[in-house]
There are 2 protein chains.
Amino acid sequence: MKRVYNFSAGPAILPEEVLKEAQKEMLDYEDSGMSVMEMSHRSAMYQKIIDDAEKDLRTLMHIPDNYKVLFLQGGATTQFSMIPMNLMKHGVADYIITGAWAKKAYQEAKKFGNAKAIASSEDKMFSYIPDVKHLNISDDADYVYMVDNNTIYGTKFYELPDTKGKVLINDASSCILSEPVDVSKYGVIFAGAQKNIGPAGTVIVIIREDLIRKDIKTDTPIMLRYDIHAENGSMYNTPPTYGIYICGKVFKWLLNLGGLEAIHKINLDKANLLYDYLDQSKLFFGTVEKKSRSLMNVCFKTDSEELDSLFIKEAKQKGFDNLKGHRSTGGMRASIYNAMPTEGVKALVEFMEQFEQKHKK
Amino acid sequence: MKRVYNFSAGPAILPEEVLKEAQKEMLDYEDSGMSVMEMSHRSAMYQKIIDDAEKDLRTLMHIPDNYKVLFLQGGATTQFSMIPMNLMKHGVADYIITGAWAKKAYQEAKKFGNAKAIASSEDKMFSYIPDVKHLNISDDADYVYMVDNNTIYGTKFYELPDTKGKVLINDASSCILSEPVDVSKYGVIFAGAQKNIGPAGTVIVIIREDLIRKDIKTDTPIMLRYDIHAENGSMYNTPPTYGIYICGKVFKWLLNLGGLEAIHKINLDKANLLYDYLDQSKLFFGTVEKKSRSLMNVCFKTDSEELDSLFIKEAKQKGFDNLKGHRSTGGMRASIYNAMPTEGVKALVEFMEQFEQKHKK
């Protein structure tokens, strides 16, 4: 069996232990005589799988009792619609535009009400997080929307926006479970699973109960109503059963590691290995403002596109895969999610040093 | 490794060969050094997986070139909304109510226009397919909606409704790929994967291109627009990558068996084994009209609820799992999808014979 260091931005690397367990259980889960893929979602055995997944996520994130945890489908993109459709009561919402995903969410919200872009870092290709201490929050805003970690550019919020008491919505797709979080500061935290949790096709929504409304527009599609999913324990229809099972395994893997406090320390170490090297390199440089640097997606370049391409190509040959930056930014991006082992980052830095030796001026 | 005969209505049994291949490839797909779960959906390797899946499905079903094949999320339930949101041009649609799922689709459609129930078998607990030769089709109907196979009750259409030229929409969730089909007779065929194809969380939509409209309501959520998915090859956002990969393996398994003509013969043999036994049994009886009998879901009872419970319990002990009927019908249901081997049905019939011997009056 060959395994590469997979720096993909998502779908992304999963813990090898998790994959090995899933492999072992593929044809016979816990002596049931069937795969989890083949299991009725109404069976007691599957109910335990989803219940355990929720319980473990609650433990990991210290989710307060007045929040529901939902396992849904449709990716973060479906949340771009569900948030305004379910949460816009007065028809106004404020968006902080820190990247392409925030912008897409904002554009989608405009279909359903008066969505306002109250801050943006688009002027410098989203290479920083704008000032969020002095935001022009709308008086009648139903919520303020942010994207915690910006996968494409490699930035992250280090302080929460001052929402002047308005509900805060957080798309945490690319940083959920990477560090401890105070859930009570948010109205909704949601995340597509395919970056830091599990396979694509599952999205996790953590929502404060009082925000789950029944008095929304009557022509809201049934699958886009939080109340329906909350009342049915994420089983109004058949959920993505196998995906949730893998997510549950990742939660257990994190608990065994020591929870979010422990993984945060590891993530800081991994990111520092890369950023420290970049800061002293004469060939490579980081592309974002230092105080906005993501712990999950480290973006960097040389000053030559040819050299960037050569680096990506040679890296792949050495077993460092998916280092190409997003097409909109160019350069390189190393996504170092929870499941990327420290030795993967160390090996990458060593390879970068060798490459620099060969190509320095 | 233990394997049971799993008669679950869905999520349901998968071909053992498919699961074994997936198991083998779990940590390293085709020497890529990663699991398909970890693979970027934008990679050439994943593009080949989804392209092959589409190609093989087109071959199996002889899908004409003027139909798009979409791999979506949200289950059949999301289609209950997407169909009217995308296809109601004049705001009228006719529904044939042959079960709980047809009824749910009809109720959902009423949110978006004038959905009419033009036929129903609810008077006899959906135990038959109503006359569809002489339907009262609305002059301005944008489509006629049917559910081909009714999982809960065990009925199926043996002739197509006379729609008087209106577009026919078919929810084929529990019978897709069970027999040859003339796709050109339909405007849309859709199916949740978790019965006859693959894991829950993927839904397949086969839609005639001219029905994919751009001039729909501007506040339609982006993920509920067929045009968006069609223009982006099912990759507007991250699709359920692993689920599609398993679907693709099931398509190849069917092609190797000889396609839908071959599996249909096997399915007829399996269903006949059960129905022939039921028709001569003094203890068990089938619960639906003979001419509407499903090939996929065989519903039966004894005349005693206690005996039904005892049968289900003893069957489970012998390795025949998930034979309990739906809570709304009671009794038993043996779902014998494509992946259920003939020997599973033979073994079940033998066990029923033994049970009858013990409990006959």
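A.B. asks: Any chance you could explain the sheet that holds strand β5 (residues 144-147) of chain B here in plain terms?
C.D. replies: Residues and elements named next belong to chain B. Within the open sheet, the 7 strands sit side by side as β2-β10-β9-β8-β5-β3-β4. Their pairing is mixed. The outermost strands of the open sheet, each flanked by one partner alone, are β2 (67-72) and β4 (114-120). Averaged over all adjacent pairs, the angle separating strand axes in this sheet is 20 degrees, with direction ignored. Where strand β3 (residues 92-97) meets β5, 2 bridges bridge the pair, whose relative direction is parallel. Opposite Tyr95, over in β5, you have Tyr145 as the bridge partner. Lying on the sheet, helix α3 (residues 75-87) is in contact with β2, β3, β5, β8 (168-171), β9 (188-192) and β10 (203-208); it crosses β9 at an angle near 155 degrees. On the sheet, helix α4 (residues 100-109) packs against β3, β4 and β5 and is oriented at approximately 160 degrees with respect to β3.

A.B. asks: Is there a simple way to explain the domain arrangement of chain A in this structure?
C.D. replies: It is common to report an interface's size as the accessible area lost on association of the parts. All names here are of chain A. Structurally, chain A comprises domain 1 (24-256) and domain 2 (258-359). Each side of the interface is counted separately: domain 1 has 28 residues, and domain 2 has 26 residues. Of the roughly 2200 Å² buried at the junction of domain 1 and domain 2 (both faces included), carbon and sulfur atoms supply 56%. Counting the contacts that link domain 1 with domain 2 gives 0 salt bridges. Where domain 1 touches domain 2, the interface holds 16 residue pairs in polar contact (both at pLDDT 80 or more). Among the secondary structure elements, those contributing two or more residues to the side of domain 1 that touches domain 2 are α2 (44-61), β7 (155-156) and α6 (241-257). Tallying contributions element by element places α6 first for the side of domain 1 that touches domain 2, with 4 residues. In terms of residue class, the side of domain 1 that touches domain 2 is made up of 15 nonpolar, 10 polar and 3 charged.

A.B. asks: Help me understand empty space enclosed by the protein in this model?
C.D. replies: Empty space among the atoms becomes visible once a probe the size of a water molecule is rolled across them. In total, this model carries 7 cavities of 30 Å³ or more according to the counting rule given. Together, 16 residues line the largest cavity, and A:Gln73, A:Gly74, A:Thr78, B:Gly74 and B:Thr78 are the ones closest to its centre. For the lining of the largest cavity, the elements supplying multiple residues, two or more each, are α3 (75-87) of chain A together with α3 of chain B. Partitioning the lining of the largest cavity into residue classes produces 8 nonpolar, 8 polar and no charged. Taken together, 14 residues form the lining of the second largest cavity, with A:Ala200, A:Pro240, A:Gly243, B:Ala200 and B:Gly243 sitting closest to its centre. Listing elements by their share of the lining of the second largest cavity, those giving two or more residues are α6 of chain A together with α6 (241-257) of chain B. Residues of the lining of the second largest cavity, tallied by class, amount to 8 nonpolar, 6 polar and no charged.

A.B. asks: For this particular structure, what's the right way to read the relation of the copies chain A and chain B?
C.D. replies: Note on the chain copies: they are related by a rotation about an axis and a translation along it. Note on the copies: chain A fits chain B at an RMSD of 0.0 Å, the axial shift is 0.0 Å, and the rotation between them is 180 degrees. On this basis, the relationship between the two copies can be described by a two-fold rotation axis. Minimal C-alpha separation from the rotation axis in chain A is found for A:Gln23, amounting to 2.6 Å. Taken together, the interface assignments show that 100% of the residues at the interface of chain A recur at the interface of chain B, consistent with an identical surface on both copies.

A.B. asks: Quick question: what am I supposed to make of the layout of surface pockets here?
C.D. replies: Considered as a void within the structure, the largest pocket measures approximately 1300 Å³ in volume. Along the walls of the largest pocket sit 47 residues, with A:Ser40, A:His41, A:Arg42, B:Gly10 and B:Arg333 positioned nearest its centre. Sorting the residues of the lining of the largest pocket by element identifies α2 of chain A together with α3, α4, α8 (305-317) and β13 (320-321) of chain B as the ones contributing at least two each. By residue number, the principal contributor to the lining of the largest pocket is α3(B), which donates 4 residues. Tallied by class, the residues present in the lining of the largest pocket amount to 17 nonpolar, 19 polar and 11 charged. In this structure, the second largest pocket encloses a volume near 1100 Å³. Taken together, the elements giving at least two residues each to the lining of the second largest pocket come down to α3, α4 (100-109), α8 (305-317) and β13 (320-321) of chain A. No other element matches the 4 residues that α3(A) contributes to the lining of the second largest pocket. Partitioning the lining of the second largest pocket into residue classes produces 15 nonpolar, 21 polar and 9 charged.

A.B. asks: How do you make sense of the pairing of strand β5 (residues 144-147) of chain A when you look at a structure like this?
C.D. replies: Where a strand is regular, its side chains alternate between the two sheet faces. Residues and elements named next belong to chain A. Covered by surrounding structure in β5 are Val144 and Met146 together with Tyr145 and Val147, the residues of both alternating faces. Pairing geometry for β5 and strand β8 (residues 168-171), over 4 bridges, is parallel. Opposite Val147, over in β8, you have Asp171 as the bridge partner.

A.B. asks: Is there a simple way to think about the packing of helix α1 (residues 16-24) of chain B against α6(B) in this case?
C.D. replies: When two helices pack together, their arrangement is given by the angle between the helix axes and the distance between those axes. Residue and element names in this part refer to chain B. With their axes 9 Å apart at the nearest point, α1 and α6 run at an angle of 135 degrees to one another. As far as their axial angle goes, α6 and α1 are oblique. In this structure, α1 crosses over α6, and the sense of that crossing is right-handed. Within the contact between the two elements, α1 uses Glu17, Val18, Glu21 and Ala22 and α6 uses Tyr242, Tyr245, Ile246, Lys249, Val250 and Trp253. Along the lines of polarity and charge, the residues of the contact of α1 with α6 split into 7 nonpolar, no polar and 3 charged.

A.B. asks: Is there a simple way to explain helix α7 (residues 259-280) of chain A in this structure?
C.D. replies: Residues that lie three or four places apart on an α-helix share one face, since the helix turns once every 3.6 residues. All names here are of chain A. If you check α7, its first and last C-alpha atoms are 32 Å apart, about what 22 residues at 1.5 Å a residue would give, namely 32 Å. What α7 keeps buried is the set Gly259, Leu260, Ile263, His264, Asn267, Lys270, Ala271, Leu274, Tyr275, Tyr277 and Leu278. Summarising the contacts, the buried residues of α7 are in contact with α2, α6, β11 (285-286), β12 (297-301), β14 (332-335) and α9 (342-359).

A.B. asks: In this structure, what is going on with the sheet that holds β11(A)? I would like to understand it.
C.D. replies: Each strand in a sheet pairs with its neighbour through backbone hydrogen bonds, running either in the same direction (parallel) or in the opposite one (antiparallel). Residue and element names in this part refer to chain A. Judged by pairing direction, the sheet is antiparallel, and its 3 strands sit side by side in the order β11-β12-β14 without closing on themselves. Across the chains shown, the open sheet's two edge strands, defined by having one partner strand only, are β11 and β14. Relative to β14, β12 runs antiparallel, the two sharing 4 bridges. Across the sheet, the residue bridging to Phe300 is Met332, located in β14.

A.B. asks: Could you clarify how one ought to interpret the nonpolar core in this entry?
C.D. replies: Where a protein is soluble and globular, its nonpolar side chains tend to be buried together. With 182 residues, the main nonpolar core has A:Met61, A:Tyr242, A:Phe311, B:Met61, B:Tyr242 and B:Phe311 as its most contacted residues. Setting aside residues no more than four positions away along its own chain, B:Tyr242 makes contact with A:Met26, A:Met37, A:Tyr242, B:Ala22, B:Met26, B:Ser35, B:Val36 and B:Met37. Membership of the second largest hydrophobic core comes to 70 residues, among which are A:Phe80, A:Ala115, A:Val188 and B:Phe190.

A.B. asks: Sorry, what's going on with the packing of α8(B) against helix α9 (residues 342-359) of chain B here?
C.D. replies: All names here are of chain B. Two elements in contact, α8 and α9, have axes separated by 11 Å at closest approach and are oriented at 135 degrees. Taken together, the axes of α8 and α9 are oblique relative to one another. Our pair here, α8 against α9, has a crossing hand that is right-handed. Contacts from Leu307, Leu310, Phe311, Glu314 and Ala315 of α8 reach α9 at Leu348, Phe351, Met352, Phe355, Lys358 and His359. Of the residues assigned to the contact of α8 with α9, the class counts are 8 nonpolar, 1 polar and 2 charged.

About the cut-offs
Counting restarts for each chain: residues are numbered from 1 in the order of the written sequence. Numbering of ligands from 1 and lettering of chains from A proceed in the order in which they are written. Where local features are concerned, this predicted model is filtered to residues with pLDDT of at least 70; where side-chain atom pairs are given and counted, the filter is 80 or more; whole-chain, interface and lining totals use all residues. Side-chain figures throughout are based on the complete set of non-hydrogen atoms in the structure, without hydrogens or water. Any two strands are treated as partners once DSSP identifies two or more bridges connecting them. Here a helix means four or more residues in a row that DSSP labels H or I, a strand means two or more in a row labelled E, and each is numbered from the N terminus. To get an axis, a line is fitted to the C-alpha atoms, and for a helix only the part in contact is used. The angle between two axes follows their N-to-C directions and goes from 0 to 180 degrees. By definition, residues are in contact when any of their heavy atoms lie within 4.5 Å. Where each domain starts and ends comes from a domain assignment, either automatic or drawn from a database. As used here, buried area is the combined drop in accessible area, with a 1.4 Å probe, of two parts when they are placed together. Each reported salt bridge corresponds to a side-chain nitrogen of Lys or Arg within 4 Å of a carboxyl oxygen of Asp or Glu. Distance and chemistry together define a polar contact, namely a pair of N or O atoms within 3.5 Å, with one atom able to donate a hydrogen and the other to accept it when in protein, and with adjacent residues in sequence counting only for side-chain atoms on both sides. Here the nonpolar group is Ala, Val, Leu, Ile, Met, Phe, Trp, Tyr, Cys and Pro; Asp, Glu, Lys and Arg are the charged ones; every other residue, Gly included, is treated as polar. Here a cavity is any set of points on a 1 Å grid over the protein atoms alone where a 1.4 Å probe fits but cannot get out, and a pocket is any open set with protein on both sides within 12 Å along at least 5 of 7 lines; a residue lines the site when it has an atom within 4 Å of a point. Grid points are joined across faces, edges and corners, and a volume is the space filled by probe spheres set on the points. The fit set for superposing copies consists of C-alpha atoms from residues with pLDDT of at least 70 in both; the fit itself is least squares. A simple rule labels every residue: compare its accessible area, found with a 1.4 Å probe on the protein chains alone, to the largest value its type can have, and call it buried under 20%, exposed over 50%, or partly exposed in between. Relative orientations are named as follows: roughly parallel for angles under 35 degrees, roughly antiparallel for angles over 145 degrees, roughly perpendicular for angles from 65 to 115 degrees, and oblique for any other angle. By convention, the crossing between two helices is left-handed when the near helix turns anticlockwise from the far helix through less than a right angle, and right-handed when the turn is clockwise. Any helix carries an expected span of 1.5 Å times its number of residues minus one. Side-chain atoms within 4.5 Å link the members of a nonpolar core, which is a set of buried Ala, Val, Leu, Ile, Met, Phe, Trp, Tyr and Cys residues.

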